[in-house]
Amino acid sequence: MNFKTACLASMAAVSSAVILSGCSANSVLETPIKSEGFKLDTIVSVSSYDNVDSQVIDNALNICDTYEEMFSMYNEDSLLWKINHNITNEMPAEMGQMIDEALKYSSMSDGAFQISIGSVSELWDFTNKTDGSDIPSGSDIPSKEAIENALQYVDDSKVSVHPKDESNPEGTWVISKPSETKLDLGAVSKGYIADKIKVYLLENDVNHAIINLGGNVLCVGGKGDQSFSIGVQKPFGTSSDT
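Let me sum up the structure you'll find in this document. Positions within a chain are numbered from 1, following the residues in the order the chain's sequence is written. Local features in a predicted model are, by the rule used here, given only for residues with pLDDT of at least 70; side-chain atom pairs are given and counted only at 80 or more, and totals for whole chains, interfaces and linings are based on all residues. Hydrogen atoms and water are omitted, and side-chain values are computed over all heavy atoms in the structure.

This part is about unusual backbone geometry. The phi dihedral of Asp110 is positive, around 55 degrees, even though this residue is not glycine. Here Asp110 lies in the loop between α4 (93–108) and α5 (118–121). Its identity is not glycine, yet Asp205 carries a phi of approximately 65 degrees, on the positive side. Numbering of helices and strands starts at the N terminus; helices are DSSP runs of H or I of at least 4 residues and strands are runs of E of at least 2. Along the chain, Asp205 falls in the loop between α7 (186–203) and β6 (209–213).

The structure is reproduced here in structure tokens:
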């Protein structure tokens, strides 16, 4: 190879490296591919900064529907509703394992965290606001007597779950609880669902994304080489106070 040919080859290699580098940088979108909808009784969205088929993002968002059918406290077709109303005491392993983990946090917090709060939380009708607000009106606020009555059924120490067949922890699980006790999994289910969505995104080559389940935010990677910046609104402040 003569000097001129060698120089041309070197220039071609450098040009190829620049082009490839440029393609890599451009693979992260400035404007994300976004799927949004009303699920889990709130506005939820998945935004991908990787250039993938929009159906992948739609499918990721629809994972909410799968778990809403399992964890919803208000949907009469959901498994949790049937458990709360003593129609069944059986559930799939992943639900049993999640409840089991939540009960551990209840124990660690000395009862400050309670998933058996359902008899109390159902006194507020957060799912039927005609004005689109999440804030109950004065007529929606339950009486002190109603709250005190419901509180007597709140006690995570009386709730337990375990595999129906102890030799098969990935099979059906069963729950034991007082008949009047109702579970509200809202404090743990959104985080669990967000984790499931993240797994799906990574399996489908989405490495830069934001999962927002009504304020429960989970970031996947960053926006290119930059980390995502998440603001937390100041309690009792204006909407711009973070």
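The next thing to look at is the environment of Asp205. Given the relative accessible area of 58%, Asp205 is considered exposed. Separated by 149 residues in sequence, Asp205 and Val56 have C-alpha atoms that sit 9.6 Å apart. Think of it in three bands: residues with accessible area under 20% of the maximum for their type are buried, residues over 50% are exposed, and the middle band is partly exposed, with areas taken using a 1.4 Å probe on protein chains only.

Expected helix span is given by 1.5 Å per residue-to-residue step, counting one fewer step than there are residues. Its 16 residues place the ends of α4 23 Å apart at the C-alpha level, agreeing with the 22 Å of an ideal helix rising 1.5 Å per residue. What α4 keeps buried is the set Ala93, Met95, Gly96, Met98, Ile99, Ala102, Leu103 and Ser106. Between two residues, a contact is recorded if the distance between any of their heavy atoms is within 4.5 Å. Lining the buried residues of α4 we find α2 (54–71), α3 (79–84), β3 (90–91), β4 (160–163), β5 (173–176) and α7. Looking one or two residues beyond α4, the residue adopting positive phi is Asp110, at roughly 55 degrees.

This part takes up the packing of α2 against α4. Angles run from 0 to 180 degrees between N-to-C directions of axes, and those axes are lines fitted to C-alpha atoms, restricted for helices to the stretch in contact. Remark: α2 packs on α4, axes separated minimally by 11 Å, with the N-to-C direction vectors making an angle of 70 degrees. Comparing the axis directions of α2 and α4 gives the class roughly perpendicular. As for the relative orientation of α2 and α4, their crossing is right-handed in sense. Contact residues: Tyr67, Met70 and Phe71 in α2; Glu94, Met95 and Met98 in α4. Here the contact of α2 with α4 is composed, by residue class, of five nonpolar, no polar and one charged. Just so you know how the angles are binned, under 35 degrees is roughly parallel, over 145 roughly antiparallel, 65 to 115 roughly perpendicular, and the rest oblique. In this scheme the handedness of a crossing depends on how the near helix is turned from the far one: anticlockwise by less than a right angle means left-handed, clockwise means right-handed. Ten residues, namely Ala, Val, Leu, Ile, Met, Phe, Trp, Tyr, Cys and Pro, are considered nonpolar, four, namely Asp, Glu, Lys and Arg, are considered charged, and the remaining ones, Gly among them, are considered polar.

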